[in-house]
Amino acid sequence: MTLSLMVMPPLIGAALLALAGGRLGRKAIAVLACAAVALSFMAAVWTSAPLLATTYESMSSLSGLEFWPQVSTTMEGVPYVQEKLYEWIGVGSLRVNIGFHLDAVAALMVLVVTGVGLLIHLYAAGYMADDPDFGRFFCYMNLFVAAMLILVLADNLVLLYLGWEGVGVCSYLLIGFWYREPANGAAASKAFVVTRVGDAALALGLFLLARDLGTLRIDEVASGAARLWAVGDPTVTLVAALLLIGAVGKSAQVPLQVWLPDAMAGPTPVSALIHAATMVTAGVYLIARTHAIFLMAPAVMAAVAIVGTLTAFLAGCAALAQKDIKRVLAYSTISQIGFMFAALGVGAFAVALFHLMTHAFFKALLFLSAGTVSHALHGETDLHRMGGLRHGRALPGTAALAAVGVGSLAGLPLITSGFYSKDAILWASLQPPYGHPMILAGLLITAGLTTLYAFRWYFMIFSGSPGPASRGEVHRPRALMLWPCVGLAAGALLIGFLETPETLGGYHALGDFLNPVFAAAEHTVGGEHAGFASAEAAHTAELAVQGAAAAMSLIGVLLAYYFFVMRPAWLERLKQGAVGRLIEATWRSGWGFDEVYELVFVRPYVALAKLLRDEPVDDVVDAIAGTARFSSVLLSVTQTGRLRTYAGALVFGILLLLTIWLWP
Amino acid sequence: MSGADLWSLAPLIVPALAGTLVMLLGGFNANRRLHHGLAVGALAAALLCVGMAYGTAPRTVTPLLIIDSYALFFLTLIYAATGLLAMFARPYLAVREKDTDAFYALLLFAATGMGVLACSNHFAALFLGLEILTVSLYTLIGYLREDSRSLEAAAKYLVLAALSSSFLLFGIALVYAATGTLLLNPAFRAIADLAPQFGQQAEAAWALAGGIFLFVGFAFKLALVPFHMWSPDVYQGAPAPVTALIATGSKGAVLAVLLRAVGPVGLGEIGGAAGITVLAVLTMFGGNLLALLQDDLKRLLAYSSVAHLGYVMVALLAGGVAGAQAMTFYVLAYVLTTLGAFGVVTILSSESPCEADSLAAYRGIGWRRPWLAATLAVMILSLAGIPPTAGFLAKVAVLGAAIEAGRLGLAIAMALASGVAIYFYLRVIVVMYMQEEEDATEASSLPSSFANAVALLVLVALVIAIGLHPTPWFEAVRVAVATILPA
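What you see is a predicted model; the values in this text were computed from it and never measured. (Residues numbered from 1 in each chain as written. Chains lettered and ligands numbered in written order. Predicted model: local features only at pLDDT ≥ 70, side-chain atom pairs only at ≥ 80, totals over all residues. Heavy atoms only, no water.)

Chemist: Is there a simple way to think about the overall build of chain A in this case?
Modeler: Regarding its fold elements, chain A presents 27 helices and three strands. Taking all 664 residues of chain A together, 56% fall into the buried category. In the structure as shown, chain A presents an accessible area of about 26,900 Å², 68% of it carried by carbon and sulfur atoms. (Helix = DSSP H or I, 4+ residues; strand = E, 2+ residues; numbered from the N terminus. Buried < 20%, exposed > 50% of the residue type's maximum accessible area, 1.4 Å probe, protein only. Areas by Shrake-Rupley, 256 points an atom, 1.4 Å probe, with all protein chains shown as cover.)

Chemist: In this structure, what is going on with a negative patch on the surface? I would like to understand it.
Modeler: A cluster of acidic side chains, namely A:D614, A:E615, A:D618, A:D619 and A:D622, defines a negative patch on the protein surface. Tracing the backbone through its elements, the reader meets A:E615 in the loop between α25 (593–611) and α26 (616–636). (Patch = residues over 30% accessible without salt bridge, like charges linked within 9 Å, V, L, I, M, F, W, Y side chains within 5 Å. Salt bridge = Lys/Arg side-chain N within 4 Å of Asp/Glu carboxyl O. Lys, Arg positive; Asp, Glu negative; His and termini not counted. Charge placed at Lys NZ, Arg CZ, Asp CG, Glu CD.)

Chemist: Sorry, what's going on with the packing of helix α15 (residues 370–384) of chain B against helix α17 (residues 408–432) of chain B here?
Modeler: Geometrically, a packed helix pair is captured by the angle between its two axes and the distance between the axes. Residue and element names in this part refer to chain B. Direction vectors running N to C along α15 and α17 enclose 170 degrees, while the axes themselves pass 9 Å from each other. With respect to their mutual orientation, α15 and α17 come out roughly antiparallel. Each of A373, L376, A377, I380, L381, L383 and A384 in α15 lies in contact with α17, whose residues at this interface are I422, Y425, L426, V428, I429 and M432. (Axes fitted to C-alpha atoms, helices over the stretch in contact; angles between N-to-C directions. Parallel < 35°, antiparallel > 145°, perpendicular 65-115°, else oblique. Contact = heavy atoms within 4.5 Å.)

Chemist: Just to check I follow, could you spell out the pattern of salt bridges for this structure?
Modeler: Evaluation of the coordinates by the stated rule reveals 29 salt bridges over all chains. Of the charged contacts, one joins B:E351 and B:R369 as a salt bridge, the two residues approaching to 2.1 Å between their closest N and O atoms. One end of the pair, B:E351, is in the loop between α13 (320–349) and α14 (365–368); the other, B:R369, is in the loop between α14 and α15, and 18 residues separate them in sequence. Both residues of the pair, B:E351 and B:R369, count as buried. One salt-bridge network, in which partners are shared between bridges, spans A:D155, A:R217, A:D219 and A:E220.

Chemist: I keep staring at the packing of aromatic side chains and nothing clicks. Help me out?
Modeler: Pairs of aromatic rings are described using the distance from one ring centre to the other and the angle between the two planes. Residues and elements named next belong to chain A. Under the definition given, this model contains 35 aromatic pairs over all chains. On the numbers, 6.4 Å between centres and 90 degrees between planes, the contact of Y140 with F177 is edge-to-face. Of this pair, Y140 sits in helix α4 (residues 134–153) while F177 sits in the loop between α5 (157–175) and α6 (182–213); the two residues are 37 residues apart in sequence, bridging distant segments of the chain. Under the relative-accessibility criterion, Y140 is labelled buried at 16%. Here the aromatic cluster, defined as three or more aromatic residues joined through ring pairs, consists of F134, F137, F138, Y140, F177 and W178. Directly above the ring of F192 sits R196, whose terminal nitrogen or CZ lies 4.6 Å from the centroid. Lying over the aromatic face of F339, K422 brings its terminal NZ or CZ to 5.4 Å of the ring centre. (Phe/Tyr/Trp six-rings, centres within 6.5 Å; stacked < 30°, edge-to-face > 60°. Lys NZ or Arg CZ within 6 Å of the ring centre and 35° of its normal.)

Chemist: What's the story with helix α6 (residues 148–179) of chain B in this structure? I'm lost.
Modeler: Since one α-helical turn is 3.6 residues long, residues separated by three or four positions face the same way. Residue and element names in this part refer to chain B. Over its 32 residues, α6 extends 46 Å from the first C-alpha to the last, a length consistent with the 46 Å expected when each residue adds 1.5 Å. Its side-chain oxygen at 3.0 Å from the backbone nitrogen of R149, D147 defines the N-terminal cap of α6. Residue G180 follows α6 closely and has a positive phi angle near 75 degrees. (Expected span 1.5 Å × (residues − 1). Polar contact = N/O pair within 3.5 Å; in protein donor to acceptor, adjacent residues only side chain to side chain.)

Chemist: So what exactly am I meant to see when it comes to the sheet that holds strand β1 (residues 72–73) of chain A here?
Modeler: Pairing between the strands of a sheet is mediated by backbone hydrogen bonds and can be parallel or antiparallel. Residues and elements named next belong to chain A. Here we have three strands laid out as an open sheet, ordered β1-β2-β3, and antiparallel in their pairing. Both outer strands of the open sheet, β1 and β3 (94–102), are each paired with one neighbouring strand and no more. Here β1 runs beside strand β2 (residues 79–91); their pairing, made up of two bridges, is antiparallel. If you follow S72 over to β2, its bridge partner there is Y80. The strands that α5 touches are β2 and β3; relative to β3, the one it contacts most, it runs at about 65 degrees. (Pairing = 2+ DSSP bridges.)

Chemist: Would you mind going over the interface of chain A and chain B with me for this structure?
Modeler: How big an interface is tends to be reported as the loss of accessible area on association of its parts. Contact residues are listed per partner, giving 25 residues for chain A and 35 residues for chain B. When chain A packs against chain B, close to 2,600 Å² is buried across both sides, 82% of that on carbon and sulfur atoms. Among the residues of chain A in contact with chain B, A:Q639, A:L650 and A:W661 are the three that bury the most area, contributing 26% of the side total. Our count for the contact surface shared by chain A and chain B stands at zero salt bridges. Run the count over chain A and chain B and you get six residue pairs in polar contact (both at pLDDT 80 or more). (Buried area = accessible area lost by both parts, 1.4 Å probe.)

Chemist: I keep staring at helix α18 (residues 437–462) of chain A and nothing clicks. Help me out?
Modeler: Residue and element names in this part refer to chain A. Here α18 is 26 residues long and its end C-alpha atoms lie 37 Å apart, about the 38 Å a rise of 1.5 Å per residue gives. For α18, a buried count of 22 out of 26 residues is recorded, marking the element as mostly surrounded by other parts of the structure. G464 occupies a position one or two residues after α18 and carries a positive phi of about 70 degrees.

Have a look at this one:
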């Protein structure tokens, strides 16, 4: 019992809440749910500690004690903790275990999932306090954490798929949590159906792997693929492409991003946990986990980078035109995961995970702040009706916390974690063999857009004069809703220093921890002097990229301040023009993907469904049945009960036989 | 005839003697239990003799009869079926307060007739066996002489069977005239030799016409369409145990001799393939379509058995060793299954003097008599050919043989016909498990006899055992068929 200690508490918590949730009081439910995640977090720390100890000299005193779980190392020297519970499926030579595998990458993920998850659970205990379905909510939340941990810890792709579907189901249940509103149910179905497109592709990818490699264990898949296929082989390219489609669906990347903005129909803690910090990053995790496959398919790597950059840019534009407090954040999430995909696509897997971690903190913080604001304004979500909440007795604490989140999202230089992780991505996007200046350019522009929409969001809520919604009585947040945000804000400020660029000290705590897992990849990326002629040239280039990023971020802040605080009228006039109107409408609708899909997929499908409503296939079957029935009636006429008919039939039979026999 | 020959014939002699004994006893003793015991005991003893006869097989006793393991396989099946029938018949007759001596005596004579058919190697034995069986059946069908339906059935059967027997005899005469032999195999081989010279030689025409008339005789007994019309009336009118005998043992015996005569030569060789293909297709569809809207279980089972004989004809048409094996296996599965179905009908008809044949009488018995209903359900599923029952594997064997022999069209026809059949088979099960109507009278909770319960249980176990683990049964069939058709 090592790794399963992590999965069990939320699973048991969910079961208890499902069975006895109705009989427990609110306090008992909250304590039970939070305790389950807390236990899981402690187990995550306990199992990750020995892995950290193998990386860092300062922690090496930890190793050797009996208290920690047993650490093994692979042939390449990558440390891991493993636990096999039992064999789940054994068909022919295919063996699938319920087994868990914790290496550095998984350790990072479980710490984020359980750590951020715990803070969000605490916040939710305050946020949802008045909801009549308190028990059901925490049941789903615990179940989600358990499924996410299964996804992360799975030592084979089938179990990973189980977790993958598990988080999908929980996402569906939680988006539609307030099911009495039909729109919420529709949003939940949309999320489920759209991600299912990706899930189906992922399943096909797994089938291909199982067929050709005869195994789905992640470590064996990596080594088996290298043995069986050459780099660029069509099969491995197909597999990687299918895995990519799966990741694109789950992580809401173009062209399957349309479900995430609608998923904001769920309660805000759900948006923070599932649709920002953890589940939507599962696609990033999947690609990192199966990076060996992707590295063998350079074409797909390029596709990953292009999808990521394109998504980041498109969603960044869309975020700029939203008027719902949570939809801005939803598009921002899509855009930020685009950054992670771009990092994956250029082969900088550790960097993608770094951004995943910082994003988990600052985006969760932003969502929780948005939740606090809506809560304070009695459920108001329209940005245009807010304003001035920074001042006086309104929400100064939340304003400060949100400022930290926004700053980190915008990547304000030096002081925020977002700066470090985004800068790492920008720098990686230039490095051979996968990097390309076009990617860098796209991401830089998006970084500017990010600052712009982030501060637009902040200024519209907290600055200026109070809007119609924020003029009245403001509902003060509970302490339980404030303190988790403080924890997240601390993370959003500090965790960036785990990994600093060469120009700023070159401290690589996270890289040292993660890179052994990606050892093969890191050797091929960058090369000597990161692809530049000399160390000096590389140093200059890195400084230039940082300077550009910092400039983008600062210019963005200034522009935002100018447009949204100093001269809001100018913007209004700009929006009145024909071009302005068109751009705003396009961006607000998220580039019209929904409309196109409606036209291309939904309408024809609905039309087909209407056509088939009366089951024309059944008509054929009914016709056969009718014919049989009719023939039966017809034949029954011969059964007269009269002896002479029977004797006549006998003679007829003889004549029949004679005719057939004597036929020429 | 030597003593050893007599030992070999013991399986035929025992039921004949026992039948005579019961008849004689009946003159001064009306003890039903004694007659019943004698009949069942005699059939058990006959089975024992069958077992012993395996030691001396194969042995030809006079030119008429041959006791080989093929014959012994069918004798086992026939005697076991008749013995079980005799057991089912006891409460049935008891509740109707009929004299039983003649019934059991006739049952034993019918068993003898069927035995002779299974062993016959000669047209004389064939005709003799057939007539012993048929004459016994005339009386058995009309055994409930106060019941007009029973009498009507007997009269119809008498007239039509006599007509068909005359065709059979005429056929035998023509074949003898053309080939000069009455031995089954040489006669059919001679027909096969003559067939290509049709149109040039008068003998060929006689031989082929003889073959047709012979086959009509068989087709009547097997109730192939359009010679089937007697069968629903007779099935419905005859006492349930007698219906069971017509549906199981008599079909099995006639098929045994048909396969022995035709199998080694092949239907195609004697120019019968086209005609029998037409009959088989007519029979499969006719039987199943006529059963479709039946509201009387005995008539429904009559049409169902018509259709099943059509499937058997498919196996016969497939020919070769595979076809013969499929046919024999099908007969085994069909006899056990049909016996089980009629066993339930007989037991339900033993609860009151009226026959339990209307489908309405079965409404809700799934709740009143769960075990009986479950038994009938298993048998119906087996008849419909649903796994894991014997009926399913039997159909698979026949379809496999037909496809292997290149008779794809026939196989497709059989599959389609079986598809139609599912409807009325499932309807029986649905009716059994429907809620009873409010005014349904409480059935007498008269328990059926322990022996009958065991007999039904054995049949259910066999039907499912064959379906789940067919290997030993296939092996038995293979050994039996190998004696008439060496691979």
